[in-house]
2 protein chains.
Amino acid sequence: VSGLPQVGIDDLRAAARRIAPYVHRTPLLRSRTLERELGCEVYCKCENLQKVGAFKARGAVNAVLLLDEAAAAAGVVTHSSGNHAAALAYAAQIRGARCTVVMPEDAPAIKRAAVRGYGAEIVPCRRAERERACNELIEKRGLTLVHPFEDRNVVAGAGTAALELLEDVPELDLLIAPIGGGGLLAGSAIAVRALAPTCGIVGAEPEAVDDASRSFQTGVRQPTVHGAQTVADGLMTGIGALNFAILRQHEAEIVTVGEAAILEAAHFFLFRTKLVVEPSSATVLAALRRLGPRLRGLRIGAILSGGNTDFSWLAR
Amino acid sequence: VSGLPQVGIDDLRAAARRIAPYVHRTPLLRSRTLERELGCEVYCKCENLQKVGAFKARGAVNAVLLLDEAAAAAGVVTHSSGNHAAALAYAAQIRGARCTVVMPEDAPAIKRAAVRGYGAEIVPCRRAERERACNELIEKRGLTLVHPFEDRNVVAGAGTAALELLEDVPELDLLIAPIGGGGLLAGSAIAVRALAPTCGIVGAEPEAVDDASRSFQTGVRQPTVHGAQTVADGLMTGIGALNFAILRQHEAEIVTVGEAAILEAAHFFLFRTKLVVEPSSATVLAALRRLGPRLRGLRIGAILSGGNTDFSWLAR
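As the structure is a prediction and not an experimental result, all values here were calculated from the model.

1. Considering the overall build of chain A
Across its full length, chain A holds 14 helices and 10 strands. A globule of 316 residues ought to have a C-alpha radius of gyration of about 20 Å, and chain A, at 18 Å, matches this closely. For chain A, the spread of C-alpha atoms along the three principal axes comes to 55 × 45 × 40 Å. Burial status across chain A gives 58% buried among its 316 residues. For chain A, the proportion of contacts with a sequence separation of at least 24, taken over those separated by at least 6, is 74%. Within the structure as shown, chain A displays about 12700 Å² of accessible surface, and the carbon and sulfur contribution to it stands at 49%. The average position of the 35 basic charges and that of the 33 acidic charges among the side chains of chain A differ by 3 Å.

Rendered as structure tokens:
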């Protein structure tokens, strides 16, 4: 842990001021049906209504605004094909910087269109060669990598969602967010420990990719589960070293959830709240349901991290 | 016209006070993407986030609260299988009144579940015999019919959405709402003429069921189009006599929209705003797009009337 650069509440506060002109202060949603079912207050932070449809805009904008002039002039690159790719393209457009996204040839047209819509260049490659292709661009073109989660400026930006939630609802008993690479949960944990020291921190993780859960159980970061099948496509990444360190330090807890529970939760949001919440984000409701009676009477903050989906899960 | 009972702004104001404890003051949505495309300000009134997922809660609650004791004790009935059925069941539950809904045997399970969820009784019948079955119940059981739109208390309740919109955004140049039976548009027109006399009033109607459009063109109420195919399943009803009279008096205008345009608009809401807007409601965006350059620089209010859908149109 000692060797890793840490992130503190002041970094989150500075990030919040920095990104404010470019991101939404997203609304909070409460559902009477949900609160009655769970027997507690649940404040859902609607990052699905954020710029580019996900909290990722916060971290990417913060990281790109913090680049020095030379790095911004050379441009940024990433190899995500999900929400971070669109977020980085958006952030680069704000800064007037070039953005390159290395993307598998078979990435969905809708994702390619989102990235191109923000003026980024797409470099297609075979799925297995994404990192190599990305590294080549960094070397040849002098691009700066903005990692989707293993980057302290990205983590600080991601934490601003929880910062807003705690400003709006100060006395939270528990904060829950999905966990993939862990940037959102780590950033949230920093905000929680600074502003609501006794508040619990829970990460919702699909059983199919339970590396974070096993990492916490063993105390050693476990390898990513490769080739896993989950409807929560945004959470297939393994937890990063920086985020694992932050989350252990701040005593987070991981709750795993099955595919059926994730689907049921995504359906709940769509049909009851009329909000598009992507399955990766619906994991938080599945996890709350799993925690069950432990939640009675509590005041809970839940981060609905994104709303980008092709609805292919709707028929199941 | 003279023989029809009229509805005025005082009826809307009284309805607003009456129903306030039981319905949401729904939020307004603005989309920068949409406003840039249309070159105007568009304030979308999110009745898809209303109780029971549609503006219908407003009219049904108003009508049921206005029943005298004897009528409330005997119970209410309707033969809609759509949003009005769930709304009436909800309203009756508030009043502690019995509610019966005559529904075709082949009505979707999701609609039956919604009505039953509010404690109403469903009387199944063959599709063609709905009205006859309903009349039988009125005679035999002394039930009171709460018509989905041809009822001045329902119209007054429906108009409260526009009333709120005009309170929040006073200087509207144009208000647009979908038109089926015409209750929502007629109620809106009453609010507009009282509070923003020069504001235009536009009804969005599917080309496939263009009876309102033809009624306005000919000056004579035209018969419903039977057996029409439209994705806007909430707008298959023909315009009612009461609402036609109100809308002519207040100089409304009808814009028809094709199926492809409705689908495109419904997709826009789902993928860009992350809001579930049913195709019937998406007609307002399709109509705004059709009005095109006429809208430049205007301030527009658009009522997103509901968010209840099974997404069967998503694959098209």
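Still more ground to cover, so stick around.
2. Quick notes on the interface of chain A and chain B
Interface size is often expressed as the accessible area that is lost when the parts come together. Tallying the contact residues gives 18 residues for chain A and 18 residues for chain B. Buried surface at the junction of chain A and chain B, both sides included, amounts to about 1300 Å², of which 66% is carbon and sulfur. A per-residue breakdown of the area chain A buries against chain B is headed by Phe271(A), Lys274(A) and Phe311(A), which together make up 43% of the total. Scanning the region where chain A abuts chain B turns up 0 salt bridges. For the side of chain A that touches chain B, the element with the most residues is helix H13 (residues 259-273) of chain A, which contributes 3 residues. Of the residues assigned to the side of chain A that touches chain B, the class counts are 8 nonpolar, 6 polar and 4 charged.

3. Quick word on helix H12 (residues 241-249) of chain A
Side chains three or four residues apart in an α-helix point the same way, a direct result of the helix having 3.6 residues per turn. Those residues of H12(A) not exposed but buried are Leu242(A), Asn243(A), Phe244(A), Ala245(A), Ile246(A) and Leu247(A). Those residues of H12(A) that are buried are in contact with helix H8 (152-158), helix H10 (183-195) and helix H11 (211-218) of chain A.

4. Quick word on the nonpolar core
Ranked by internal contacts, the top residues of the largest apolar core, which has 80 residues, are Ile176(A) and Ile176(B). Not counting the four nearest positions on each side in its chain, Ile176(A) is found in contact with Val202(A), Ala204(A), Val284(A), Ala287(A), Leu288(A), Ile300(A), Gly301(A), Ala302(A) and Ile303(A).

5. A word on the packing of H10(A) against H12(A)
All names here are of chain A. Across the interface, H10 lies against H12 with an axial gap of 9 Å and an inter-helix angle of 35 degrees. Judged by the twist between their axes, the crossing of H10 over H12 is left-handed. Residues Gly-183, Leu-185, Ala-186, Ala-189 and Ile-190 of H10 form the contact with H12, whose participating residues are Asn-243, Ile-246 and Leu-247. Here the contact of H10 with H12 is built from residues that sort into 6 nonpolar, 2 polar and no charged.

6. Quick notes on the side chain of Ser31(A)
Residues and elements named next belong to chain A. Within the element layout of this structure, Ser-31 appears in the loop between strand S1 (28-29) and helix H2 (32-38). At a separation of 3.1 Å, a polar atom in the side chain of Ser-31 contacts the main-chain amide nitrogen of Leu-34. With sequence-adjacent residues up to four places away left out, Ser-31 is seen in contact with Phe-268 and Thr-273.

7. Description of the pairing of strand S7 (residues 174-178) of chain B
Residue and element names in this part refer to chain B. Counting buried positions along S7 yields 5 of 5 residues, so the element is predominantly enclosed. Side chains Leu-174, Ile-176 and Pro-178 of S7 all project onto a buried face; the interleaved residues Leu-175 and Ala-177 project onto the opposite face, where all are buried too. Relative to strand S8 (residues 200-206), S7 runs parallel, the two being bridged by 5 bridges. Paired with Leu-174 across the bridge in S8 is Gly-200. The pairing of S7 with strand S10 (residues 299-304) spans 3 bridges and is parallel. Counterpart to Ile-176 in the pairing with S10 is Ala-302.

8. Thoughts on the packing of aromatic side chains
In total, this model carries 11 aromatic pairs over all chains according to the counting rule given. Measuring from centroid to centroid gives 5.4 Å for Phe271(A) and Phe311(B), while their planes differ by 85 degrees, and the two rings are edge-to-face. In this pair, Phe271(A) sits in helix H13 while Phe311(B) sits in the segment after S10, so the two residues belong to two different chains. Using a relative accessible area of 4% as the deciding quantity, one classes Phe311(B) as buried. Grouping aromatic residues by their ring pairs yields a cluster made of Phe271(A), Phe311(A), Trp313(A), Phe271(B), Phe311(B) and Trp313(B).

Criteria and cut-off values
- Residues numbered from 1 in each chain as written.
- Chains lettered and ligands numbered in written order.
- Predicted model: local features only at pLDDT ≥ 70, side-chain atom pairs only at ≥ 80, totals over all residues.
- Heavy atoms only, no water.
- Helix = DSSP H or I, 4+ residues; strand = E, 2+ residues; numbered from the N terminus.
- Rg over C-alpha atoms; globule rule 2.2 N^0.38 Å.
- Buried < 20%, exposed > 50% of the residue type's maximum accessible area, 1.4 Å probe, protein only.
- Contact = heavy atoms within 4.5 Å.
- Areas by Shrake-Rupley, 256 points an atom, 1.4 Å probe, with all protein chains shown as cover.
- Lys, Arg positive; Asp, Glu negative; His and termini not counted.
- Charge placed at Lys NZ, Arg CZ, Asp CG, Glu CD.
- Buried area = accessible area lost by both parts, 1.4 Å probe.
- Salt bridge = Lys/Arg side-chain N within 4 Å of Asp/Glu carboxyl O.
- Nonpolar A, V, L, I, M, F, W, Y, C, P; charged D, E, K, R; others polar.
- Core = buried A, V, L, I, M, F, W, Y, C linked by side-chain atoms within 4.5 Å.
- Axes fitted to C-alpha atoms, helices over the stretch in contact; angles between N-to-C directions.
- Left-handed = near helix turned anticlockwise from the far one by under 90°.
- Polar contact = N/O pair within 3.5 Å; in protein donor to acceptor, adjacent residues only side chain to side chain.
- Pairing = 2+ DSSP bridges.
- Phe/Tyr/Trp six-rings, centres within 6.5 Å; stacked < 30°, edge-to-face > 60°.

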